[in-house]
Amino acid sequence: MASMSFVKLNASSSQWIGQQSFNQKNNGSLFSRSARRVSMPIRAGSYTDELVQTAKTIASPGRGILAIDESSATVGKRLASIGLDNTEPNRQAYRQLLLTTPGLGEYISGSILFEETLYQSTTDGKSFVDVMREAKIMPGIKVDKGLVPLPGSNNESWCQGLDGLASRCAEYYKQGARFAKWRTVVSIPCGPSALAVKEAAWGLARYAAIAQDNGLVPIVEPEILLDGDHPIERSLEVAEQVWAEVFYYLAQNNVVFEGILLKPSMVTPGAEHKNKASPVTVAKNTLTMLRRRVPPSVPGIMFLSGGQSEVEATLNLNAMNQSPNPWHVSFSYARALQNSVLKAWQGRPENIEAAQKALLIRAKANSLAQLGRYSAAGENEEAKKGMFVKGYTY
């Protein structure tokens, strides 16, 4: 579908919808604004107030999200990089290191977990959920079932996992999760095709409605991959198209906008483009896209890092917070928070304190960036190395 502009349906509603849906003929005549007033219900069941409060808590000043929801296969690759086998005890040890970091809750408001981690405990027998609650960190959960080829597309993907999602969300809520994440992707080198964009948007909207109906704040994440040699102008064009479609279907599915969080890609040139954009340029293009597409009722924009270096992701976030925004503009980083941690840890018990210190350094840097107060002075060269992987799978 083509990119659409948005109009508010009425003064009291948080629902926005693409104008395109109203430009249809009815018995040979166009809908008249004066003849019809459109009213759409907003539904999230008995959880509405809780959803709004959860979203506000996560989108609190100076804090963001630590994403540790990598699949067992993906976290296995990270463990392998420091010489560890991909076993359940090693995965548990690594995530315990992260979640038990003293003082982490000062900078981290929520952490996205893989299902295995949601049900795990520390070696002392305390559940990770209780560890997080004591640290004032909201437990979240990855609920999608991964990407598979999309038939009829230009070698693109779609995200599976809607079957059984309601029952899974209900069980995750009982276990202590209070927000969820569903990641789908859009590839610029592959088009993107109208089919792929529509499938991504519809899947995200259905997931968001189901998550809210079961008490979980949905993080809406259509990741626009960095792959490609396209300029930043093309990234902006595609981002506007994708988010227009996403909000159109969110509205159609009666999703409460005050009870969601977004996890967009920053608007950057393709990773293989000859010119790298400055933080000021990235911020300008990203905020342009958000202002054109995202209603101010959405409480938080939690950016993904998408293969940027640790420092680059932090500098770009800082540039976006140099003036007030309608939403909390923050981070939901995985690699851009964990890369230094893994290298400091090396799988050795005697390095746990050093690894936790490395996590706090990155978390504090991004906290300062959320407040617009970050400086890259003193950052080491390792933190400046890019982490882009062509064809990256999560």
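None of the values given here were measured: they were computed from a predicted structure.

Quick look at the confidence of the model for the protein chain now. Per-residue confidence for the protein chain gives a mean pLDDT of 88, with 85% of residues at or over 70. Low confidence marks residues 1-40, where pLDDT is under 50. Its contacts with residues over four positions away, or in another chain, come to 81 contacts.

Throughout the structure, instances matching the rule amount to 8 aromatic pairs. On the numbers, 6.0 Å between centres and 40° between planes, the contact of W243 with F247 is tilted. In this pair, W243 and F247 both sit in helix 8 (residues 232-252), 4 residues apart, roughly one turn of the helix. With respect to burial, W243 and F247 carry one shared label: buried. On the basis of an interplanar angle of 80° and a centroid distance of 5.3 Å, the ring pair of F247 and F257 is categorised as edge-to-face. In this pair, F247 is assigned in helix 8 and F257 in the loop between helix 8 and strand 12 (261-262), connecting sequence segments 10 residues apart. By relative accessible area, which is 0% here, F257 ends up buried. Through a chain of ring-to-ring contacts, three or more aromatic side chains come together here, namely W202, Y248 and Y249.

Cut-offs used in this document
- The residue numbers shown here count from 1 along each chain, following its written sequence.
- Selection of residues for local features in this predicted model requires a pLDDT of at least 70, selection of side-chain atom pairs for listing and counting requires 80 or more, and totals for whole chains, interfaces and linings are taken over all residues.
- Side-chain measures were taken over the full set of non-hydrogen atoms in the model, leaving aside hydrogen atoms and water.
- Values of pLDDT, ranging from 0 to 100, describe the predictor's confidence in every residue of the model.
- Note on contacts: a residue pair is in contact if any heavy atoms of the two residues lie within 4.5 Å.
- Two rings from Phe, Tyr or Trp (for Trp, the six-membered ring) form a pair when their centres are within 6.5 Å of each other. A pair whose planes differ by under 30 degrees is stacked, one over 60 is edge-to-face, and the rest are tilted.
- A helix here means a DSSP run of H or I that spans at least four residues, while a strand means a run of E at least two residues long, and both kinds are numbered starting from the N terminus.
- The buried label applies to any residue whose accessible area, calculated with a 1.4 Å probe on protein chains only, is under 20% of its type's maximum; exposed applies above 50%, and partly exposed to all values in between.

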